[in-house]
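Residue strings, one per chain:
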Amino acid sequence: KMPEDPHKWLEDVLGDEPMKWVKSKNEEVIAAVGDPTKTMAYARILAILDSKDKIPNLHRIGNADGQFYNYWQDDVHVQGIWRKTTLDSYRRGSPEWKTVIDVDALAPPQCDTAKTWVWHGSTLLDDGPGSEVDRALIALSPGGSDADTSREFDLSTETFVEPADGGFALPTAAKTQIGWRSRNEVLVGTDFGADCSSLTDSGYPRVVKSWKRGTPIEDAKVVFEGQQTDVAVSQYAYHDRGFVHEFQLRSITFYTSKFWYRSLSADSLRSETADTVATAFVEVKIPEDAEIGTFASAALVTLRSDWKPPGSSATFKAGALISAPMEDVMKEDWSKVTALFEPTASKSLKERTETKDYVVLNVLADVRADLEFWKFVDGTWVKQQAPAGGEAVKVGEDVSVANFSRNSDSDNLLWLTREGYLVPDSQEMANAEDGCSVTEKLRSKPAMFSSDGLIVEQYFAKSLDGTKIPYFVMRRSDIAMDGRNPTLVDAYGGFEIPMLPYYSGAVGAAWLEVGGIKVIANIRGGGEYGPTWHQAALKEKRYKAYEDVEAVAQDLIARGITSAPHMAVIGGSNGGLMVGNMITRPVASALFGAAVCQVPLLDMKTYSTLLAGASWMAEYGDPDTDDWKYLRRHSAYHLLRHDCLGLPEEGVASPVEKVAGWQCPKVLFTTSTRDDRVHPGHARKMVRSLQEEAGKELAPVVYYWENVEGGHGGAADNKQKAHMWALTYSFLAKQLGLKVE
């Protein structure tokens, strides 16, 4: 019998022995690296996170005379406050805020290691045009986990509505989807009965129920069910510029879905509950990897593969955004289709924002943003010409827009944000009607670090198959190109998520300002060039993303910017899997002197059975099928134990040939006990194997830090965030030879 995983006991998240091990590892890293709270980096990062000069992310709730709400954390409000002010007050520069909900003042959760509540947001009641927005559903998470609670809140009295008074409340934390259908009905998917029978294999809702005000949740009526293997299931209804739409959605995998639709009247939505409406749902016939939304009477469909719609003479490419009347779409008639965006080799659609009359597209061209405007006029789309003299976005900078109001169809106003790696973010009021050409600047964040002498450059490295991989370099302009500069390479490469320029005071204060170089590698698997860029590193092609990181590292060395002893790699979650591969792949492990692996996936044989892992099989593959043949090639835990160390592998009679000359870069792992998305067992097991099985000769420096709160973000409040990042930068400075006072 082949040996089983000897470190599996560490997957018992809250077990006594695993938690003793965690405690000892936490003490070990602090003893070796030092108490991060005593460092200048900690003081600087905490001051940045707690700064009163941060720009509030605020949106109007209500009609034109509504107040502007913002969630805020600082040194006084550790867990945060939900507060409000008027636009006039905000414009004056020193707004008068009124606290609506003080999260710190709430009674603490009664849930294992969780000691605090973490704000997960609000869902507003929209009862149709002209109605008062006076109710919200407030989501709070114990300790920062993905699982949260929900309570109804009265915005007019600023109090929670108790169940005894007919209020909706789900006090037990679960991975819940809940939304208003009308004032007296919500659609909810959760762990009904607390036995997981109403959840998918991924741990998300599989059953949706109609829950009426004043009735117990046990009396809620089932209105939609998915399959056990689905990622999640939902149903949602909403008002949209004079129209009412209701969808049912089965998220079959992370990238494939099935939609069903029915059109309703506003009166029907208010007077009939989801389980009594006579109008039947009809399946929406679009590709399973497409996504659909609406704008008034029009359907908006985003494609992830090439498609020629029925009745259309054109074939639209993956990454396109197309529109046709929703009524026609349900008849499979696409003769009136309009392409709002079509990708090119260098251009992709980052995101879209909708106002009363406009769809605003944020388009990327070689990871540089631009805005395009389409107006919906009498059922027809009209492209608005860009204003003359518009300033192009510079290298290493970004521009984005967000809705002025939580109700996107109330007006055409927008918040416009500009920022960059070295440019603090600014907040401007803008209008889609003039293409955001005339703006009113309301806030500019003061510099959180000195950028004097710092520059940003963009280069392209050639990957092993010849693909050009863009990457940004933040550095001092006067560095010597002698290969001795401490350099930190950051990459993600998964789930079609792009890494775009943003202002990070922590990176600047704790790394750039003291002489470090930061590199952002836009590797395949991300969304920098749309779905095709993502699909180029999907499943069996995952190794392409890792070859891209190696190519960037080699390019940095070739330019004389740095060298292996002075270069580190960092990544979290899917990026943590990337780091796991960098420290175990023969080429990569020789390119980096150090690594930081955050909240990582590492054991790709068991990932699909741990927490939300099953939901990512469309990204990585199913290890219980033939997919394991390629998954094994980038399962960092297996690469370490069997390829690098030559240990016997369960189910494999003939061991693979041990990699000659491998040595693990100096590495720090960080994770969270409360992470209920990526299981902390991944990092725990990898660390124990490195320390116990590889030993000091092959893995000379291996440290581990596990925060007992924090969820997938790794920290639940600003002090915890500052602690984690100060520890990270202290470790990196020590390993790469960066002198920090």
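The notes below deal with the structure included here. Quick caveat, the model's predicted, so the values are computed rather than measured. (Residues numbered from 1 in each chain as written. Predicted model: local features only at pLDDT ≥ 70, side-chain atom pairs only at ≥ 80, totals over all residues. Heavy atoms only, no water.)

## Observations concerning the overall build of the protein
The criterion, for reference: What counts as a helix is a DSSP run of H or I of at least four residues, what counts as a strand is a run of E of at least two, and both are numbered from the N terminus. To get the radius of gyration, use the C-alpha atoms; to get the globule rule, take the number of residues to the power 0.38 and multiply by 2.2 Å. Residues are treated as being in contact if the distance between any of their heavy atoms lies within 4.5 Å. For accessible areas, the Shrake-Rupley method is used with a probe of radius 1.4 Å. Any residue's cover is judged against the shown protein chains and nothing else. All tallies of charge rest on Lys and Arg as positive and Asp and Glu as negative; His and the ends of each chain are not included. Here the site of a charge means atom NZ of a Lys, CZ of an Arg, CG of an Asp or CD of a Glu.
Secondary structure summary: the protein contains 15 helices and 37 strands in total. Against the compact-globule benchmark of 27 Å for 741 residues, the protein has a radius of gyration of 26 Å, which places it among compact chains. Projected onto its principal axes, the C-alpha positions of the protein cover 75 × 65 × 60 Å. Within the protein, residue pairs in contact and separated by at least 24 positions form 60% of the contacts whose partners lie at least 6 positions apart. Accessible surface computed for the protein: about 29,400 Å², of which carbon and sulfur atoms make up 50%. Between the mean site of the 80 positive side-chain charges and the mean site of the 104 negative ones, the protein shows a separation of 3 Å.

## Quick word on the packing of aromatic side chains
Condition: Note on aromatic pairs: the rings of Phe, Tyr and Trp (six-membered ring only in Trp) are paired at centre separations within 6.5 Å, and the planes decide the class, stacked below 30 degrees, edge-to-face beyond 60, tilted for the rest. Classification of residues uses two cut-offs on accessible area relative to the type maximum, computed with a 1.4 Å probe and protein chains only: under 20% is buried, over 50% is exposed, and between them is partly exposed. Whether a charge sits over a ring comes down to the Lys NZ or Arg CZ being within 6 Å of the ring centre and within 35 degrees of the ring normal.
Considering all chains together, one arrives at 33 aromatic pairs under this definition. Centre to centre, the rings of F168 and W211 are 5.2 Å apart; their planes meet at 75°, and the pair counts as edge-to-face. With F168 in the loop between strand 8 (159-160) and strand 9 (169-174) and W211 in strand 12 (residues 207-212), the pair connects residues that are 43 residues apart, well separated along the chain. Judged by relative accessible area, which is 2%, F168 ranks as buried. A centroid spacing of 5.3 Å and a plane angle of 85° characterise the contact between W307 and W334, whose relative ring orientation is edge-to-face. Taken together, the residues W307 in the loop between strand 19 (298-302) and strand 20 (321-325) and W334 in the loop between helix 5 (326-329) and strand 21 (338-341) connect sequence positions 27 residues apart. A relative accessible area of 14% means that W307 is categorised as buried. Cation over ring: K54 sits above W72, and NZ or CZ is 4.6 Å from the ring centre. One residue, R443, lies across the ring of Y90, its end atom 3.8 Å from the ring centre.

## Considerations on the nonpolar core
Under the convention used in this document: Nonpolar cores are built from buried Ala, Val, Leu, Ile, Met, Phe, Trp, Tyr and Cys residues. Side-chain atoms within 4.5 Å join them into one set.
The biggest cluster of nonpolar side chains holds 131 residues, and the ones touching the most others in it are F669 and L690. Counting residues per element, this core draws most heavily on helix 15 (residues 718-736), at eight residues. Leave out the neighbours within four places in its chain, and L690 touches L640, W662, C664, V667, F669, G695, A699 and V702. Of all hydrophobic cores here, the second largest spans 20 residues; its members include I286, I292, L303 and W307.

## With respect to the side chain of Q458
As a reminder of what qualifies: Counted as a polar contact is a pair of N or O atoms within 3.5 Å, where, for protein atoms, one must be capable of donating a hydrogen and the other of accepting one, and residues adjacent in sequence contribute only when both atoms are in side chains.
Within the secondary structure, Q458 sits in strand 30 (residues 454-462). Here D366 takes part through its backbone oxygen, which lies 3.1 Å from a polar atom of the side chain of Q458. Not counting residues up to four positions away in its chain, the partners in contact with Q458 are D366, V367, V395, P470, Y471 and F472.

## Digging into the environment of Y421
Here Y421 shows up in the loop between strand 27 (413-420) and strand 28 (426-431). On the basis of relative accessibility, which here comes to 3%, the residue Y421 falls in the buried class. Here the alpha-carbon distance between Y421 and Y471, two residues 50 residues apart in the chain, equals 13 Å. Not counting chain neighbours up to four residues away, the residues in contact with Y421 comprise G396, F449, V456, F472, M474, M499, L500, P501, Y502, Y503 and I520.

## Quick look at the packing of helix 6 (residues 505-512) against helix 15
Test applied: Each axis is a line fitted through C-alpha atoms, taken for helices only over the stretch in contact, and angles between the N-to-C directions span 0 to 180 degrees. Here a crossing is called left-handed whenever its near helix is offset anticlockwise from the far helix by less than a right angle, and right-handed whenever the offset is clockwise. Each residue gets one label: Ala, Val, Leu, Ile, Met, Phe, Trp, Tyr, Cys and Pro are nonpolar, Asp, Glu, Lys and Arg are charged, and the others, such as Gly, are polar.
Viewed as axis vectors pointing N to C, helix 6 and helix 15 meet at an angle of 35°, and their least axial separation amounts to 10 Å. As for the relative orientation of helix 6 and helix 15, their crossing is right-handed in sense. Seen from helix 6, the contacting residues are A506, V507, A510 and W511; seen from helix 15, they are Y729, L732, A733 and L736. When the residues that make up the contact of helix 6 with helix 15 are grouped by side-chain class, the tally is eight nonpolar, no polar and no charged.

## Details of the pairing of strand 16 (residues 257-264)
Within a regular strand, the side chains alternate between the two sheet faces. Heads up, the rule is: Pairing between strands requires that DSSP locate at least two bridges from one strand to the other.
With respect to burial, strand 16 is a largely interior element, six of its eight residues being buried. Counted along the chain from strand 15 (residues 243-251) to the antiparallel partner strand 16, the turn is five residues long. One ladder, built from two bridges, connects strand 16 with strand 17 (residues 282-283); its direction is antiparallel. By the bridge assignment, Y261 is partnered in strand 17 with V282.

## Some details on the pairing of strand 28
Extensive coverage of strand 28 is indicated by the burial of six of its six residues. Of the two faces of strand 28, the one holding S426, E428 and A430 and the one holding Q427, M429 and N431 are both buried throughout. For strand 27 and strand 28, the ladder comprises six bridges, and the chain directions are antiparallel. In the strand pairing of strand 28, L413 is matched with N431. What sits between strand 27 and strand 28 in their antiparallel hairpin is a turn of five residues.

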